[in-house]
Amino acid sequence: AIKFRELNIMLSSAITSHSRILYIRDPLSRVAKVAPFLTLDGDPYPVIVNGQILWVVDGYTTTDNYPYSQRISLSQATSNTYSPGGLAVGPTDQINYIRNSVKATVNAYTGAVHLYQWGTASPILQAWMKTFPGLILPQRDIPKALVPHLRYPEVLFDVQRQILTQYHILPQQPDAFYSGQNFWAVPGDPTVGVDAAISQPPYYMTLDMPGAPGAEFSLATLFTQRGRANLAAFMAVDSNPLSPDYGQIRILQLPQDTSIFGPQQVQSNFESFPAASRELTLFRTGGSKVILGNLVTVPLDGGLLSVEPVYLQASSSVNPAAYPVLKRVFAYYNGSVGYAPTLQGALAQVFGTAPSTPPSSSPPATGAVSAAVRQYIAQAEQDYTLAEAALRAGNLGLYQADISKMKTALDQAQKAAQGTASGSSGKHTASPSPSPSPSP
């Protein structure tokens, strides 16, 4: 009662000698209380195992005394849009050795904490296991239902990508290393500003990397050339614990003599795209808040595809309970920008066809909607949205112009649909679709 300044703890008849108070309720705090010698990943994630909710916390053995190894700051290496102050929680910030040695679980209801060894025990973990026998269970004791939920930890990946900005250079190139040539940089997150200094976070996704046996759950990031905005490399690690390639890092390195847009340049193209620039300006001046979602880039068919959602949230003064609503989607591929109400529409603009329908010289089946019809309809919908925004802003001249454009797009869609109908009877001539450029 004194500790929590709550008199009812002493007076209430509902609290007996058998009662217990779970007062350390945060999963990270509970694991830190049990094993204060571990550095913890600040992003615990919940999973359902055998009908119970468990919080999974990645634990690391770290030190700053590993011989002949460069020290880095954990807070700096793990700082990004999601965790501006860094993602790691531990006894020290400066490290030159890190291993994901422990997977910890915290029962969301009982608070029970279990620590499991992960991978081959490092010398540091072995020392702690001898100091506190029975505290850390062997890996074979991990419940089988839990294993598929585990993932490659983000803090370790953040440290690795920071190190690889320099140490990707081959040992046979000492001059390039010591002169700083060909160094990379972790790009800033352009969704919070094109010139943002805060790093873009890595993203978990199901990814089919070139050279990999198939699509796997992965953690991926981009690199730009140091001091330049051009893209330098794409890196992904297999994050599926059931895969034989778990933990394997693959890097797609781009040639330095080829200018390939990095995330800041892609974002600039998005913001300067005429239809998007005007519409977003109208959204912002109308009192609404425009929220840019994650700019995600993936390798696709010899190129790199970037996608970014755009959300709109009503002003809190108008609707205090307003929540963001998906309004538009950007897409970028080989110099082409797509901007549409849906992902399918944006992809159709950059590829000239819906991604689920590969370009083909054969006529579409009876009743099918051609790529041209879809593109014109998407353009008409975009013009209509612009007209609505102009009307809300009180700009009748712009409203009239957008309605005229919408009418033109609908007329073109009708003509294209008539061409598709004639094509189904054998008179259709397919227009060539743009093909992705070869891989750099």
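All values derive from a computational prediction rather than experimental measurement.

K.L.:
Sorry, what's going on with the overall build of the chain here?
P.N.:
Within the chain one finds eleven helices and 19 strands. With 440 residues in all, the chain has 42% of them scored as buried. In the chain, the proportion of contacts linking residues at least 24 apart, taken out of those at least 6 apart, comes to 55%. Put simply, the chain shows about 23,300 Å² of open surface, and 55% of that area lies on carbon and sulfur atoms.

K.L.:
Which parts of the structure should I look at to understand unusual backbone geometry?
P.N.:
Trans peptide bonds make up the majority, and among non-glycine residues the majority have a negative phi. Positive phi is not limited to glycine here, since Tyr68 has a value of about 55°. Along the chain, Tyr68 turns up in the loop between strand S3 (52–63) and strand S4 (72–73). A positive phi angle, near 65°, is found at Asn182, a position not held by glycine. Position of Asn182 among the secondary structure elements: in the loop between helix H6 (174–179) and strand S10 (184–185).

K.L.:
What is the right way to look at helix H5 (residues 154–167) in this model?
P.N.:
Structurally, the α-helix is built with 3.6 residues per turn, so residues lying three or four positions apart point the same way. Relative to the 20 Å expected for 14 residues at 1.5 Å per residue, H5 spans 19 Å between its end C-alpha atoms, a close match to the ideal helical length. Counting buried positions along H5 yields ten of 14 residues, so the element is predominantly enclosed. For H5, the full list of buried residues reads Glu154, Val155, Leu156, Phe157, Asp158, Val159, Arg161, Leu164, Thr165 and Gln166.

K.L.:
Can you help me understand the environment of Asp402 in this one?
P.N.:
Inspection of the secondary structure assignment puts Asp402 in helix H11 (residues 396–427). The class of Asp402 is buried, set by a relative accessible area of 0%. A C-alpha to C-alpha distance of 5.4 Å links Asp402 and Asp383, two positions 19 residues apart in sequence.

K.L.:
Mind showing me how you'd approach a nonpolar patch on the surface here?
P.N.:
A surface patch of nonpolar side chains, amounting to about 320 Å² of accessible area, comprises Phe4, Ile21 and Tyr23. Relative to the helices and strands, Phe4 resides in the segment before helix H1 (8–11). In this structure Phe4 comes out as partly exposed when scored by relative accessible area, which is 38%.

K.L.:
Looking at this structure, how should I read the nonpolar core?
P.N.:
The nonpolar side chains of soluble globular proteins are, as a tendency, buried together. Counting residues in each nonpolar core, the largest one holds 21 residues, and the members touching the most others are Leu74, Ile98, Val155, Phe157, Val159 and Phe223. Mapped onto this core, the elements with two or more residues apiece are helix H3 (74–77), H5, strand S12 (216–225) and strand S13 (231–238). In terms of residue count, H5 provides more of this core than any other element does, five residues in total. If sequence neighbours within four positions are ignored, Ile98 has contacts with Tyr60, Thr61, Thr62, Leu74, Val155, Leu156 and Val159. In terms of nonpolar packing, the next biggest core, distinct from the first, is built from 15 residues, Val266, Ala275, Phe283 and Phe330 among them.

K.L.:
When you look at helix H8 (residues 274–285) in this model, what are you seeing that I'm missing?
P.N.:
The terminal C-alpha atoms of H8, which comprises twelve residues, lie 17 Å apart, in line with the 16 Å expected from a rise of 1.5 Å per residue. By the burial criterion, the buried members of H8 are Ala275, Ala276, Glu279, Leu280, Leu282 and Phe283. Burial along H8 is one-sided: seen end-on, the buried residues are contained in an arc of 160°. Residues of H8 that are exposed and point over 90 degrees away from its buried face: Pro274 and Thr285.

K.L.:
I would appreciate a short explanation of the packing of aromatic side chains in the present structure.
P.N.:
To describe a pair of aromatic rings, you give the distance between the ring centres and the angle between the ring planes. One pass over the full model with this rule turns up 16 aromatic pairs. Centroid distance Tyr66 to Tyr97: 5.3 Å. Interplanar angle 20°. Geometry classified as stacked. Of the two residues, Tyr66 sits in the loop between S3 and S4 while Tyr97 sits in strand S7 (residues 97–107), which places them 31 residues apart along the sequence. Note on Tyr66: relative accessible area 44%, which makes it partly exposed. Pairing Trp184 with Phe223 gives two aromatic rings, centres 5.0 Å apart and planes at 35°, and the pair type is tilted. Of the two residues, Trp184 is situated in strand S10 and Phe223 in strand S12; the sequence distance between them amounts to 39 residues. Each member of the pair, Trp184 together with Phe223, is buried. Through pairs of rings, three or more aromatic residues link up here, namely Tyr167, Phe177, Tyr178 and Phe183. The side chain of Lys3 reaches across the aromatic face of Phe4, ending 5.7 Å from its centre. Over the ring of Trp118 we find Lys103, and its NZ or CZ is 5.2 Å from the ring centre.

Rules used in this analysis
- Residues numbered from 1 in each chain as written.
- Predicted model: local features only at pLDDT ≥ 70, side-chain atom pairs only at ≥ 80, totals over all residues.
- Heavy atoms only, no water.
- Helix = DSSP H or I, 4+ residues; strand = E, 2+ residues; numbered from the N terminus.
- Buried < 20%, exposed > 50% of the residue type's maximum accessible area, 1.4 Å probe, protein only.
- Contact = heavy atoms within 4.5 Å.
- Areas by Shrake-Rupley, 256 points an atom, 1.4 Å probe, with all protein chains shown as cover.
- Expected span 1.5 Å × (residues − 1).
- Patch = residues over 30% accessible without salt bridge, like charges linked within 9 Å, V, L, I, M, F, W, Y side chains within 5 Å.
- Salt bridge = Lys/Arg side-chain N within 4 Å of Asp/Glu carboxyl O.
- Core = buried A, V, L, I, M, F, W, Y, C linked by side-chain atoms within 4.5 Å.
- Arc of directions from axis to C-beta.
- Phe/Tyr/Trp six-rings, centres within 6.5 Å; stacked < 30°, edge-to-face > 60°.
- Lys NZ or Arg CZ within 6 Å of the ring centre and 35° of its normal.

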